[in-house]
Amino acid sequence: MKAEMSLVGLLIVVLWGFWGFLYKYGVAKVGLLQALLVTNIFYSITNIVIIIFLIHRGVNIPRDTSLVILGLGTLFGTIGSIGFLYALERFPGSVVIPFTALYPAVSSILAVLILQERMESNTVIGIILAVIAGYFLTR
């Protein structure tokens, strides 16, 4: 399982690395508002394809509190994405991209506090070191 987790994690890191770089490059070329327009057009097309696939597979919309939870998650993610593009327009990508990559630390702490997940000591140390690195990135 750890090998698979490492492989999947590495793939995600590489894909998100390209994502961050391409967003910085695109925002630098066209500016924040045009970047928002273009990225949302592509997100919309991608989402329509995903929705069609899921409906075809018989997946239904949940009718419980998970709908609200997922909706709030989407709202926070959207606002964060707009902030990310704004930051890329105004600040160096070499600082913005790694600094904003600290968001899993917040997710991890919330998972411990709300979902009662356990965090191993090496994970705690890793998060602390990442936060320290974030501090140094912004100096």
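Engineer: I'm lost on the overall build of the chain in this one. Help?
Structural biologist: When helices and strands are counted, the chain shows six helices and zero strands. Taken from the N to the C terminus, the helices and strands of the chain come in the order α-α-α-α-α-α. Taken over the C-alpha atoms alone, the chain extends approximately 45 × 45 × 30 Å along its principal axes. Expressed as a percentage of its 139 residues, the buried residues of the chain come to 13%. Within the chain, contacts between residues at least 6 apart in sequence are counted, and of these 67% link residues at least 24 apart.

Engineer: Teacher, can you tell me more about the layout of surface pockets here?
Structural biologist: Where empty space is left in the structure can be found by rolling a water-sized probe over the atoms. One number sums up the size of the largest pocket: a volume of about 940 Å³. Together, 31 residues line the largest pocket, and Trp-16, Trp-19, Ser-81, Thr-100 and Tyr-103 are the ones closest to its centre. Top contributing element to the lining of the largest pocket by residue count: helix H3 (residues 65-90), with eight residues.

Engineer: Looking at this structure, I do not really get the packing of helix H2 (residues 32-56) against H3. What am I missing?
Structural biologist: Between two packed helices, both the angle of their axes relative to each other and the distance between the axes serve to describe the pair. Between H2 and H3, whose axes approach to 10 Å, the crossing angle comes to 140°. Judged by the angle between their axes, H2 and H3 are oblique. In this structure, H2 crosses over H3, and the sense of that crossing is right-handed. Across the interface between the two elements, Leu-32, Leu-36 and Thr-39 from H2 touch Ile-82, Leu-85, Tyr-86 and Glu-89 from H3. A per-class count over the contact of H2 with H3 returns five nonpolar, one polar and one charged.

Engineer: Would you take a moment to explain the side chain of Thr-39 for this structure?
Structural biologist: Looking at the secondary structure, you find Thr-39 in helix H2. Within the local environment of Thr-39, its side chain forms a polar contact with the backbone oxygen of Leu-36, the two atoms lying 3.2 Å apart. If near-sequence neighbours (up to four positions away) are discounted, Thr-39 is found in contact with Tyr-23 and Leu-85.

So, how was this worked out
- Residues numbered from 1 in each chain as written.
- Predicted model: local features only at pLDDT ≥ 70, side-chain atom pairs only at ≥ 80, totals over all residues.
- Heavy atoms only, no water.
- Helix = DSSP H or I, 4+ residues; strand = E, 2+ residues; numbered from the N terminus.
- Buried < 20%, exposed > 50% of the residue type's maximum accessible area, 1.4 Å probe, protein only.
- Contact = heavy atoms within 4.5 Å.
- 1 Å grid on protein atoms, 1.4 Å probe; cavity = no way out; pocket = protein on both sides within 12 Å on 5 of 7 lines; lining within 4 Å.
- Points joined across faces, edges and corners; volume = space filled by probe spheres on them.
- Axes fitted to C-alpha atoms, helices over the stretch in contact; angles between N-to-C directions.
- Parallel < 35°, antiparallel > 145°, perpendicular 65-115°, else oblique.
- Left-handed = near helix turned anticlockwise from the far one by under 90°.
- Nonpolar A, V, L, I, M, F, W, Y, C, P; charged D, E, K, R; others polar.
- Polar contact = N/O pair within 3.5 Å; in protein donor to acceptor, adjacent residues only side chain to side chain.

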